[in-house]
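Residues per chain are reported as follows:
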Amino acid sequence: MSQRTLVLLKPDAVRRGLIGEIIGRIEKKADWRISALEMRRLDRSLLEQHYGEHVGKPFYEPLVEFMSSGPVVALVVEGERVIEGLRTLSGPTDPIAAAPGSIRGDFGTIVRENLIHASDSAESAERELKLFFPTVG
Ligand code: IDP
Ligand code: MG
């Protein structure tokens, strides 16, 4: 089942020089492909839409501060079961709980600065792709 998902390399990944490392892992998965890619800064209103489910939670404000603290790299990745696959490649939200071999498990220590976002379901992917890449398909 070919799918599309939204990936964000968060500001910590960009600051730490991990763009190539992380994109390399995505590219090496057989038959997945990157169909759009852009480096950009995210403003508060886009982040509020993107993280709508978290508005009002204690970690929301610091999350928005962090996500707008520097550029991110936004990608559309296409391929077989890519939504689930990118979540597996990323690892769980808490990098200390994430297994070595996953992006968060290999490079992260704190929950907020966990390097990567990947859409969590087909519904989220559709909504997030429209938000970040309104002109792509
Ligand atoms: P996800 O990115 O694994 O889907 P979500 O629960 O959707 O995780 O949370 C969105 C983002 O908010 C996380 O990736 C992380 O950066 C941040 N976050 C989530 N929970 C916490 C927390 O308890 N403390 C600090 N930051 C958090
Ligand atoms: Mg999420």
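Everything discussed here concerns the structure shown above.
Description of the structure in this document. What you see is a predicted model; the values in this text were computed from it and never measured.

### Re the pairing of strand E3 (residues 72–80)
Then, in step 1: Taking burial as the measure, the 9 residues of E3 include 8 buried ones, the bulk of the element.
Then, in step 2: Here 8 bridges tie strand E1 (residues 2–9) to E3, and the two strands are oriented antiparallel to one another. Within E3, the residue paired with Val7 across the bridge is Leu75.
Then, in step 3: Note: strand E2 (residues 33–40) against E3, 7 bridges, orientation antiparallel. In the sheet register, Ala36 faces E3, and the bridge partner there is Val76.

### As for the side chain of Gln3
Then, in step 1: Locating Gln3 in the fold gives a position in strand E1.
Then, in step 2: Other than its neighbours up to four places away in sequence, Gln3 contacts Val77, Glu78, Gly79, Arg81, Val82, Ile83 and Glu84.

### A few points about the pairing of E1
Then, in step 1: In terms of burial, E1 is a largely internal element, 6 of the 8 residues being buried.
Then, in step 2: Relative to strand E4 (residues 116–118), E1 runs antiparallel, the two sharing 3 bridges. Its bridge partner lying in E4, Val7 is registered against Ala118.

### So, helix H7 (residues 122–132)
Then, in step 1: Of the positions making up H7, those classed as buried are Ser124, Ala125, Glu128, Leu129, Leu131 and Phe132. Summarising the axial view, the buried residues of H7 lie within an arc of 160 degrees, below the 170-degree limit, and thus occupy one face. Residues of H7 that are exposed and angled more than 90 degrees away from the buried face: Glu123, Glu126 and Lys130.

### Notes on the site of ligand 1
Then, in step 1: In the vicinity of ligand 1, the contacting residues are Lys10, Tyr51, His54, Phe59, Leu63, Arg87, Thr93, Arg104, Val111, Arg112 and Asn114.
Then, in step 2: Here His54 contributes a side-chain N or O atom positioned 2.8 Å from an oxygen atom of ligand 1.
Then, in step 3: The contact in question runs from an oxygen atom of ligand 1 to an N or O atom on the side chain of Arg87, over 2.9 Å.
Then, in step 4: Look at ligand 1: alone it shows 520 Å² of surface, and the protein chains cover 78% of it.
Then, in step 5: Within the shell around ligand 1, the residues separate by chemical class into 4 nonpolar, 3 polar and 4 charged.

### Quick word on the packing of aromatic side chains
Then, in step 1: Counted under the stated rule, the structure contains 0 aromatic pairs.
Then, in step 2: The ring of Trp32 carries Lys29 above its face, with NZ or CZ at 5.5 Å from the centroid.

### Observations regarding helix H4 (residues 60–67)
In an α-helix, one turn spans 3.6 residues; hence positions three or four apart end up facing the same way.
Then, in step 1: Where H4 is concerned, the buried positions are Tyr60, Leu63, Val64, Phe66 and Met67. Viewed along the axis of H4, the buried residues span an arc of 160 degrees, placing them on a single side of the element.

Parameters at a glance
Residues numbered from 1 in each chain as written. Chains lettered and ligands numbered in written order. Predicted model: local features only at pLDDT ≥ 70, side-chain atom pairs only at ≥ 80, totals over all residues. Heavy atoms only, no water. Buried < 20%, exposed > 50% of the residue type's maximum accessible area, 1.4 Å probe, protein only. Helix = DSSP H or I, 4+ residues; strand = E, 2+ residues; numbered from the N terminus. Pairing = 2+ DSSP bridges. Contact = heavy atoms within 4.5 Å. Arc of directions from axis to C-beta. Near = heavy atom within 4 Å. Polar contact = N/O pair within 3.5 Å; in protein donor to acceptor, adjacent residues only side chain to side chain. Areas by Shrake-Rupley, 256 points an atom, 1.4 Å probe, with all protein chains shown as cover. Nonpolar A, V, L, I, M, F, W, Y, C, P; charged D, E, K, R; others polar. Phe/Tyr/Trp six-rings, centres within 6.5 Å; stacked < 30°, edge-to-face > 60°. Lys NZ or Arg CZ within 6 Å of the ring centre and 35° of its normal.

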